[in-house]
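Residue-level structural notes
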Amino acid sequence: MAQIAILERKCTGCGLCKENCPFGAIDMVNGRPELNAACKVCGICVKNCPEKAIVKLETKVDSVDKSKWNGILVFAEVSGGRLHPVSLELIGKAHELCRSVPGFTVSAVLVGSGVSAFAEELRHYGVDKVAVYDDEELSYFRADAYASCVEDYIKLARPSVVLVGATSLGRSLAPRLATRFHTGLTADCTKLELRESTDLVQIRPAFGGNIMAQIVTLNTRPQFATVRYKVMDAPQRREDVSGEIVVRKIPSGVKASPVTHVSTVAVPAGKSISDADILVVGGRGLQKEADLEMVKELAQLLGGDWATTRPLVEKGWTTNDRQIGLSGRTVRPKLIITCGVSGAIQFTACMNASDHIVAINTDKDAPIFEVAHIGIVGDLYEIIPGLIRQIKEARA
């Protein structure tokens with residue numbers, strides 16, 4: 001893991017590092033630079049320091065024999081008494097990736113209490129092997145305990161790739177696993193490709209959504225990636241079953257965990273925009289908060305739900321659970337209508353798999369038209385009321 005270090009004996013406090021940092025990750029304190037949490041270890045400050053007072057430290061890890069790591073392992077998450085749909089989407093993607101490397105198979109691992117019943121269900125999705133860690137000690141999620149179980153199976157099966165859903169649970173589990181194996185993890189991937197060399201190309205928006213980064217873990221295994229719900233395609237459930245169920249004992253470290261369960265408070269289940277078949281989305285093109293009402297009205301007339309982009313959440317017009325984007329929700333409706341949405345990568349990456357995309361924008365060069373199936377260049381304040389009027393007249 002790389003780190004940035006500042007050599008105080010060489011630093012003159014010129015401030016060039018702060019001026020050139022694109023992330024605002026350097027603060028000048030008492031005339032000396034200090035790194036803050038925004039540092040991405042990009043190394044730009046290293047290149048711009050005239051006194052060579054800033055250095056990039058990297059921990060070297062010995063390269064592994066890639067031939068000894070084979071197949072793809074999917075962490076099949078069970079939460080709320082059900083198998084999370086993202087697990088099936090990851091299994092579908094794993095099957096697709098395996099076509100690139102002869103001999104690669106798909107396996108899954110289940111961790112929890114009472115999860116054995118879901119192992120049989122996974123056999124309907126072409127999984128070659130399902131490892132089950134079922135114990136009362138795992139009745140509630142503890143990151144260290146779950147990580148110990150998955151770590152145990154990774155050491156046994158030696159998968160080349162491990163896929164985890166980018167859920168609250170998965171985002172806590174995956175970094176711990178990657179750290180234990182001293183390997184890389186790419187979060188919130190929107191696309192995955194597998195080379196014949198078994199290197200996983202992990203694609204995701206980076207630098208505030210300005211580029212699509214292709215990240216590859218060249219020298220270590222396994223390769224970890226988290227993927228959001230609704231990004232990949234789930235496979236069709238087969239009537240026949242295949243694959244083997246392997247029941248594993250929990251590692252001794254699970255019972256020795258210092259984490260204890262005090263209480264559980266259930267969060268009331270709410271309707272999510274991720275589950276909507278029809279969505280109408282308001283963007284920066286809306287001039288005032290009251291204009292969201294016509295977006296909501298159109299959504300209601302179409303029998304769907306409404307959402308927004310990040311700028312409207314930042315203005316306080318709505319809450320994060322209505323936001324589409326990397327810092328919000330990923331959606332995949334049958335129909336999505338965007339109103340005054342420019343189409344930044346961090347937004348389109350989380351909705352471009354929708355069946356039908358209709359975009360309304362006054363700017364004919366807006367990026368949203370690159371992913372839209374139907375593009376309408378015009379004023380949303382004329383088009384949306386017109387659509388609402390026509391729907392009401394047709395129903396009348």
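Residues numbered from 1 in each chain as written. Predicted model: local features only at pLDDT ≥ 70, side-chain atom pairs only at ≥ 80, totals over all residues. Heavy atoms only, no water.

A closer look at the overall build of the chain
Applied cut-off: Secondary structure elements follow DSSP: runs of H or I no shorter than four residues count as helices, runs of E no shorter than two count as strands, and numbering proceeds from the N terminus. Residues are treated as being in contact if the distance between any of their heavy atoms lies within 4.5 Å. The protein chains shown are the only cover counted for residues, whose accessible areas, like all others here, come from Shrake-Rupley with a 1.4 Å probe. All tallies of charge rest on Lys and Arg as positive and Asp and Glu as negative; His and the ends of each chain are not included. In plain terms, the charge of a residue is placed at NZ if it is Lys, CZ if Arg, CG if Asp and CD if Glu.
Counting its secondary structure elements, the chain contains 11 helices and 21 strands. Once the C-alpha set of the chain is aligned to its principal axes, its extents read approximately 70 × 65 × 50 Å. Sequence separation of at least 24 residues holds for 63% of the intrachain contacts in the chain that already meet a minimum separation of 6. Carbon and sulfur atoms provide 49% of the accessible area of the chain, an area that totals close to 20,100 Å². The centroid of the 47 positive side-chain charges in the chain is displaced by 4 Å from the centroid of its 45 negative side-chain charges.

Description of the packing of aromatic side chains
Counted only if it meets this: Pairing of aromatic side chains requires ring centres within 6.5 Å, counting the rings of Phe and Tyr and the six-membered ring of Trp. Pairs whose planes differ by under 30 degrees are stacked, by over 60 edge-to-face, and all others tilted. The rule is simple: take the accessible area with a 1.4 Å probe, protein chains only, and divide by the maximum for that residue type; under 20% is buried, over 50% is exposed, in between is partly exposed. Lysine and arginine charges are scored as sitting over a ring when NZ or CZ, respectively, is within 6 Å of the ring centre and within 35 degrees of the ring normal.
Scanning all chains against the criterion turns up two aromatic pairs. Arranged with centres 4.9 Å apart and planes meeting at 80°, the rings of Phe141 and Tyr146 form a pair that is edge-to-face. Classification of Phe141 by relative accessible area gives partly exposed; the value is 31%. The ring of Phe23 has Lys40 sitting right over it, with the charged end atom 5.1 Å from the ring centre.

Some words on the sheet that holds strand E14 (residues 211-216)
By way of backbone hydrogen bonds, the strands of a sheet pair with one another, either parallel or antiparallel. Put simply, the test is: Strand pairing follows a simple DSSP-based rule, namely that at least 2 bridges must link the two strands. Working convention: axes come from line fits to C-alpha atoms, limited for helices to the stretch in contact. Angles between N-to-C directions cover 0 to 180 degrees.
Pairing within the open sheet is antiparallel, and its three strands lie in the order E12-E13-E14. The open sheet has two edge strands with one neighbour each: strand E12 (191-194) and E14. Averaged over all pairs of adjacent strands, the angle between strand axes in this sheet comes to 25°, irrespective of strand direction. Direction of pairing for E12 relative to strand E13 (residues 200-206): antiparallel, over a ladder of four bridges. Looking across to E13, one finds that Leu194 is bridged to Leu200.

A look at the packing of helix H8 (residues 292-301) against helix H11 (residues 380-395)
Axis angle and axis distance: for two packed helices, these are the angle between their axes and the distance between the axes, and together they describe the pair. Applied cut-off: Crossings are classed by handedness, with left-handed meaning an anticlockwise turn of the near helix from the far one by less than a right angle and right-handed meaning a clockwise turn. When residue character is reported, Ala, Val, Leu, Ile, Met, Phe, Trp, Tyr, Cys and Pro are called nonpolar, Asp, Glu, Lys and Arg charged, and the others, Gly included, polar.
H11 packs onto H8 with a crossing angle of 30° between their chain directions and a minimal axis gap of 10 Å. When you trace H8 past H11, the crossing you get is left-handed. Two secondary-structure elements touch here, H8 through Met294, Glu297, Leu298 and Leu301 and H11 through Leu380, Tyr381, Ile384, Pro385, Leu387, Ile388, Ile391, Lys392 and Arg395. Looking at the contact of H8 with H11 residue by residue, the class counts come to 10 nonpolar, no polar and three charged.

Overview of the packing of helix H5 (residues 143-157) against helix H6 (residues 168-180)
Defined as follows: The cut-offs work like this: below 35 degrees is roughly parallel, past 145 is roughly antiparallel, 65 to 115 is roughly perpendicular, and the gaps in between are oblique.
Two elements in contact, H5 and H6, have axes separated by 9 Å at closest approach and are oriented at 55°. Between H5 and H6, the angle falls in the class oblique. Here H5 and H6 pass one another in a crossing that is right-handed. For the pair H5 and H6, the contacting residues are Ala143, Asp144, Tyr146, Ala147, Ser148, Val150 and Glu151 in the first and Leu169, Ser172, Leu173, Arg176, Leu177 and Arg180 in the second.

With respect to H5
Given 3.6 residues per helical turn, the α-helix brings residues three or four places apart onto the same face. The test is simple: What a helix is expected to span follows from its residue count: subtract one and scale by 1.5 Å.
Taking 1.5 Å per residue, 15 residues should reach 21 Å; H5 reaches 21 Å between its end C-alpha atoms and fits that length. Arg158 occupies a position one or two residues after H5 and carries a positive phi of about 50°.

Points about the sheet that holds strand E8 (residues 106-112)
Pairing within the open sheet is parallel, and its seven strands lie in the order E11-E15-E10-E5-E8-E9-E16. Looking at the sheet topology across the chains shown, the edges are occupied by strand E11 (185-189) and strand E16 (244-247). On average, adjacent strands in this sheet sit at an angle of 20° to one another, irrespective of strand direction. As paired elements, strand E5 (residues 72-75) and E8 share four bridges and run parallel to each other.

Considerations on H8
Taken together, the buried positions of H8 are Leu292, Met294, Val295, Leu298, Ala299 and Leu301. In this fold, the buried residues of H8 make contact with strand E17 (278-282), strand E18 (305-308), helix H9 (310-314) and H11. Where H8 terminates, the next one or two residues include Gly303, which has phi positive at roughly 75°.

Some thoughts on the pairing of E18
Convention followed: Orient the strands so they point away from the viewer, and a crossover whose first-strand-to-second-strand path over the helix runs clockwise is right-handed.
Judged by which residues are buried, E18 turns out to be covered on both faces: Asp305 and Ala307 on one side and Trp306 and Thr308 on the other are all buried. Sheet analysis places E17 next to E18, joined by four bridges and oriented parallel. Note that in E18 the partner of Val280 across the bridge is Trp306. Handedness of the crossover is the feature at issue here: the chain leaves E17, passes through H8, returns alongside E18, and the resulting connection is right-handed.

Considering the environment of Ala266
Among the structural elements, Ala266 can be located in the loop between helix H7 (252-255) and E17. The class of Ala266 is exposed, set by a relative accessible area of 68%.

Here we look at the side chain of Thr198
Mapped onto the elements, Thr198 comes out in the loop between E12 and E13. What Thr198 contacts, discounting residues up to four positions off in sequence, is Lys66, Val101, Phe104, Ser160, Arg221 and Gln223.

What about the environment of Val161?
Its location among the elements puts Val161 in strand E10 (residues 161-165). Residue classification places Val161 among the buried positions, given a relative accessible area of 0%. For the pair formed by Val161 and Asn219, sequence separation is 58 residues and the distance between their alpha carbons is 13 Å. Val161 has contacts with Gly71, Ile72, Leu73, Leu194, Leu200 and Gln223, leaving out every residue within four places of it along the chain.

A look at the nonpolar core
The nonpolar side chains of a soluble globular protein tend to be buried with one another. Operational definition: Side-chain atoms within 4.5 Å are what join buried Ala, Val, Leu, Ile, Met, Phe, Trp, Tyr and Cys residues into a set we call a nonpolar core.
In terms of nonpolar packing, the biggest core is built from 35 residues, with Ile72, Leu83, Leu110, Leu122, Leu163, Leu192 and Leu194 touching the most fellow members. Listed by contribution, the elements that provide at least two residues to this core are E5, helix H3 (85-98), E8, helix H4 (116-122), strand E9 (129-134), E10, E12 and strand E15 (223-227). Element by element, the count of residues in this core is highest for H3, at seven residues. Sequence-distant contacts of Leu194, that is, excluding residues within four places in its chain, are made with Ile72, Leu97, Ser100, Val101, Phe104, Val161, Asp199 and Leu200. Judged by nonpolar contacts, the second largest core, of 26 residues, contains Val109, Leu138, Ala147 and Ala174.

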